[in-house]
Amino acid sequence: MRSIAATLAVVTACSFGAMPSAHAQDASVGIDTVTKTVTIGGFTPITGPVPFYAILTHAAESYFRHMNDKGGIAGWKIKYVTYDDGYEPARSVGVAKRLVEDDKIFALVAAVGTATNMAVIPYAKETKLAMIGPIGGASAFFNEPNVFPLLPDYGWSAASNAQYALEELKLKKIALLWENDELGRSAKRGFDLYMASKNVTPAESLSFEVTATDFSPQIRRIANSGAEAVILFGSNANLASALKAADRQDVKAQWFAPFFTADPSTFKLAGNLLNGVFFSSWLLPVTGDDPEIKAYREAVAKYYPNDPIGVFGLNGWSNAALFGQGFEKLVTSGKPLTRENLVAALDGLKDATVGGAHSVTFAPGDHRGTRQEAIIQAKNGSFELVRTFKPYPAVAFDAK
């Protein structure tokens, strides 16, 4: 694992094998037909408010190194170049320009952040640059012809949680705790639409600030509402704090949370209180035996042994694997390796398994990516699949 000093100096440039300068290279798209190397890139917050998000990029890099060790993607080696953007949208645009104009990348892959990726879309459209697997949850991604997201709108995930509680667990009184930002508001939109479609009035719908650590007021209102189930959309720290408040007040309810909290780090925060919590997830459990999940765990342990194995990493790995699927499809098609043809190849992806995600589909004008979610549950310090992948409740698509 590279040192912090080296990372900050070089700003995470990952290349796999030297590329002799004498080789002829198509500078416009990053395709070297002599060495059969494709250059792609991304941005990541090495500095700034969320440096731990670099775990996502490490996992994406691990995917490409893993594939290179296996002989590449359809015989092509991947050179993955990333730079620090500090999680600042204006800097992300500058990094994207540097990657295109200096590094001559073929595609932007597994770039980190919702607002940061949103800021880059105009430039990417101008340069016909495909944005593959942007790691963010913006609904605006779904209708952009050159953007291919895996992550769902959080409204769909909240609706999936509500559906499981209402239809499969037969719980009638359901409350929502939502983070007071776009993440939480998106969850609330999908939740409200689903509940209205079932003519069920939420037991409670309460917001909280991102920085909240005391959920006592919200839990008192939930207790008074008689809620049988509580769906929380916020961070793993928010979830742990809410579970502790419920435990202190002896409030008994079935808890639900989003995929990104189904992580071993949440057990460290919540302890045994996390056992029994359900999570709607477009990703398989990180502790599962699926071949792609095992490959993720083994590769990260090999290339970044100090990084935790968890949903953050699997997220990064899966978004990188989306480029792998699209590029392999393009190479095997026999068509010229152009940015336009990469977009066309991905637009033909149907019901694919991509990293830890199943049933990934793209079509022109419809870039939802993941079309289904599973339900997993925290059990005895691990996470288990309790319902296989099922399509999102149809009404939740209106939350876009």
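For the structure itself, look to the data block above.
Residues numbered from 1 in each chain as written. Predicted model: local features only at pLDDT ≥ 70, side-chain atom pairs only at ≥ 80, totals over all residues. Heavy atoms only, no water.

Novice: Lay out the overall build of the protein chain in plain terms, naming residues and giving numbers.
Specialist: When its secondary structure is counted, the protein chain shows twelve helices and 17 strands. The C-alpha atoms of the protein chain give a radius of gyration of 21 Å, which matches the 21 Å a tight globule of 400 residues would have. If one aligns the C-alpha atoms of the protein chain with their principal axes, the spans along those axes are about 75 × 45 × 40 Å. The buried share of the protein chain, reckoned over its 400 residues, is 57%. Restricting the contact set of the protein chain to residue pairs at least 6 apart, pairs at least 24 apart contribute 68%. Accessible surface computed for the protein chain: about 15300 Å², of which carbon and sulfur atoms make up 52%. If you average the places of the 38 positive and of the 39 negative side-chain charges in the protein chain, the two averages end up 2 Å apart. (Helix = DSSP H or I, 4+ residues; strand = E, 2+ residues; numbered from the N terminus. Rg over C-alpha atoms; globule rule 2.2 N^0.38 Å. Buried < 20%, exposed > 50% of the residue type's maximum accessible area, 1.4 Å probe, protein only. Contact = heavy atoms within 4.5 Å. Areas by Shrake-Rupley, 256 points an atom, 1.4 Å probe, with all protein chains shown as cover. Lys, Arg positive; Asp, Glu negative; His and termini not counted. Charge placed at Lys NZ, Arg CZ, Asp CG, Glu CD.)

Novice: Tell me what's going on with the pattern of salt bridges, and back it up with residues and numbers.
Specialist: Scanning the entire structure with this criterion turns up 15 salt bridges. Notably, a salt bridge pairs Asp 84 with Arg 91, separated by 3.7 Å at the nearest N-O pair. Among the residues examined, Asp 84 registers a relative accessible area of 9% and is labelled buried. Overall, the relative accessible area of 33% leaves Arg 91 in the partly exposed class. (Salt bridge = Lys/Arg side-chain N within 4 Å of Asp/Glu carboxyl O.)

Novice: Break down the layout of surface pockets for me, with residues and values.
Specialist: Here the largest pocket defines a volume of roughly 1100 Å³. The wall of the largest pocket is formed by 44 residues, among which Tyr 53, Tyr 154, Leu 183, Phe 260 and Phe 312 lie closest to the centre. Put simply, the parts of the chain that give the lining of the largest pocket at least two residues each are helix 2 (54-69), helix 4 (114-127), helix 6 (182-197), helix 8 (236-248), helix 9 (264-270) and helix 11 (311-333). (1 Å grid on protein atoms, 1.4 Å probe; cavity = no way out; pocket = protein on both sides within 12 Å on 5 of 7 lines; lining within 4 Å. Points joined across faces, edges and corners; volume = space filled by probe spheres on them.)

Novice: Would you mind going over the nonpolar core in detail, with residue names and values included?
Specialist: Of all hydrophobic cores here, the largest spans 107 residues; its most connected members are Ile 40, Phe 106 and Phe 323. Of the residues forming this core, the biggest block, nine residues, is contributed by helix 11. (Core = buried A, V, L, I, M, F, W, Y, C linked by side-chain atoms within 4.5 Å.)

Novice: Please provide a residue-by-residue account of helix 12 (residues 339-346), values included.
Specialist: Residues of helix 12 that are buried include every one of Arg 339, Leu 342, Val 343, Ala 345 and Leu 346, and no others. Buried residues of helix 12 fall within an arc of 160° about the axis and therefore sit on the same side. Contacts from the buried residues of helix 12 go to helix 3 (89-101), helix 4, strand 6 (131-132), strand 7 (147-148), helix 11 and strand 14 (357-363). (Arc of directions from axis to C-beta.)

Novice: A description of the packing of aromatic side chains should follow, citing residues and the corresponding values.
Specialist: Counting across every chain of the model gives 24 aromatic pairs. Consider the rings of Phe 106 and Phe 327, whose centres lie 6.0 Å apart with planes at 80°: the pair is edge-to-face. Separated by 221 residues along the polypeptide, Phe 106 in the loop between helix 3 and strand 5 (108-109) and Phe 327 in helix 11 bring together distant segments of the chain. Phe 327 matches Phe 106 in its accessibility class, with the two residues each being buried. (Phe/Tyr/Trp six-rings, centres within 6.5 Å; stacked < 30°, edge-to-face > 60°.)

Novice: I'd love a proper account of the sheet that holds strand 16 (residues 372-379), names of residues and values included.
Specialist: Ordered by their spatial adjacency, seven strands build an open sheet running 9-8-10-11-12-16-17, and the pairing between neighbours is mixed. A single partner strand is all that each edge strand has here, and the edge strands are strand 9 (204-208) and strand 17 (382-391). Looking at each pair of strands side by side, their axes are set apart by 20° on average, direction ignored. Pairing between strand 11 (residues 254-258) and strand 12 (residues 278-281): three bridges, direction parallel. Residue pairing in the sheet places Pro 258 in a bridge with Ser 280 of strand 12. (Pairing = 2+ DSSP bridges. Axes fitted to C-alpha atoms, helices over the stretch in contact; angles between N-to-C directions.)

Novice: Could you give me a rundown of the sheet that holds strand 13 (residues 352-354), with the residues and numbers involved?
Specialist: Strand order in the open sheet formed by three strands is 13-14-15, with antiparallel pairing between adjacent strands. Each having just a single partner strand, strand 13 and strand 15 (366-370) make up the two edges of the open sheet. Averaged over neighbouring strand pairs, the angle between their axes works out to 35° when direction is ignored. Strands in contact with helix 11 are strand 13 and strand 14; relative to strand 13, the strand with the most contacts, it is inclined by about 135°.

Novice: Please give an account of the environment of Ser 92 that cites residues and values.
Specialist: Its place among the elements puts Ser 92 in helix 3. For the pair formed by Ser 92 and Thr 116, sequence separation is 24 residues and the distance between their alpha carbons is 5.8 Å.

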